[in-house]
Amino acid sequence: MSASKRDELVRKALKAFYRDGFGATGMDKLVAETGVSKTSMYKHFRTKDDLILAVLRLRDENFRNWLTRRIEELAKSPRKRLLAMFDALDEWFAEENYRSCMFIKASSEYQDPKNPIHAASAEHKRMLTSYIEKIATLADAKNPALLARQLMLLKEGAIVTAHLQGRTGVADDAKQAAKILLDHAIPTTQSRRIT
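Residues numbered from 1 in each chain as written. Predicted model: local features only at pLDDT ≥ 70, side-chain atom pairs only at ≥ 80, totals over all residues. Heavy atoms only, no water.

**A word on unusual backbone geometry**
In this model, Ser100 sits at a positive phi of 75°, which is unusual for a non-glycine residue. Examined against the element boundaries, Ser100 turns out to sit in the loop between α5 (78-94) and α6 (102-109). What makes Ser100 buried here is its relative accessible area of 5%. The phi dihedral of Asp140 is positive, around 65°, even though this residue is not glycine. Assignment of secondary structure puts Asp140 in the loop between α7 (116-138) and α8 (144-165). (Helix = DSSP H or I, 4+ residues; strand = E, 2+ residues; numbered from the N terminus. Buried < 20%, exposed > 50% of the residue type's maximum accessible area, 1.4 Å probe, protein only.)

In structure tokens:
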């Protein structure tokens, strides 16, 4: 299987895993969905877990690139970028094929923190938190690490709520809560200067 065929397999597997979950998507289902034989799959991925890790790497790259790009397109100042994260989430929630967060699902199905799938999921969240912390630092937050963690709690809660209880208004509710956090975390003079 060529590199392009391997990449195509990973892209198709991502769609199947995102839609149906990891446990519910067996190798036979992947063969049917991707058109790639089990023999060919196993040439590139020794196990299903290896394929899942490749899928998570692709999803991480795609999602983080999309989110950072949208945040930067939606807002110019650091403070507004912290809030723009929720506008980007609202766009994601509105997508017809929205099925929550692949990393939340993966870490729920592979709960042992030492499992590579769980670890890859945790790393994705760590990298997003680090990105938000950098923006919070640029916004002159009193404690950028704390603010980043708090905003990520709102983000993750919005993702789960949108999945379980309906998507309408969820991102905006989280954004309104984020505004309260920002008013507390960013000194008033700074808040006026960068809004």
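Having seen the model, we can carry on.
**Observations regarding the packing of aromatic side chains**
Enumeration according to the criterion identifies 7 aromatic pairs in this entry. With a centroid separation of 5.6 Å and an interplanar angle of 45°, the aromatic rings of Phe63 and Trp66 are classed as tilted. Note that Phe63 and Trp66 are positioned in helix α4 (residues 48-74) at a spacing of 3 residues, about one turn of the helix. In this structure, Phe63 and Trp66 share a single accessibility class: buried. With a centroid separation of 5.9 Å and an interplanar angle of 35°, the aromatic rings of Trp92 and Phe93 are classed as tilted. By the ring-pair criterion, three or more aromatic residues cluster together here, those being Phe63, Trp66, Trp92, Phe93 and Tyr98. The aromatic ring of Tyr18 is capped on one face by Arg59, whose charged end is 5.0 Å from the ring centroid. The lysine or arginine in question, Lys105, covers the ring of Tyr18, its NZ or CZ lying 4.8 Å from the ring centre. (Phe/Tyr/Trp six-rings, centres within 6.5 Å; stacked < 30°, edge-to-face > 60°. Lys NZ or Arg CZ within 6 Å of the ring centre and 35° of its normal.)

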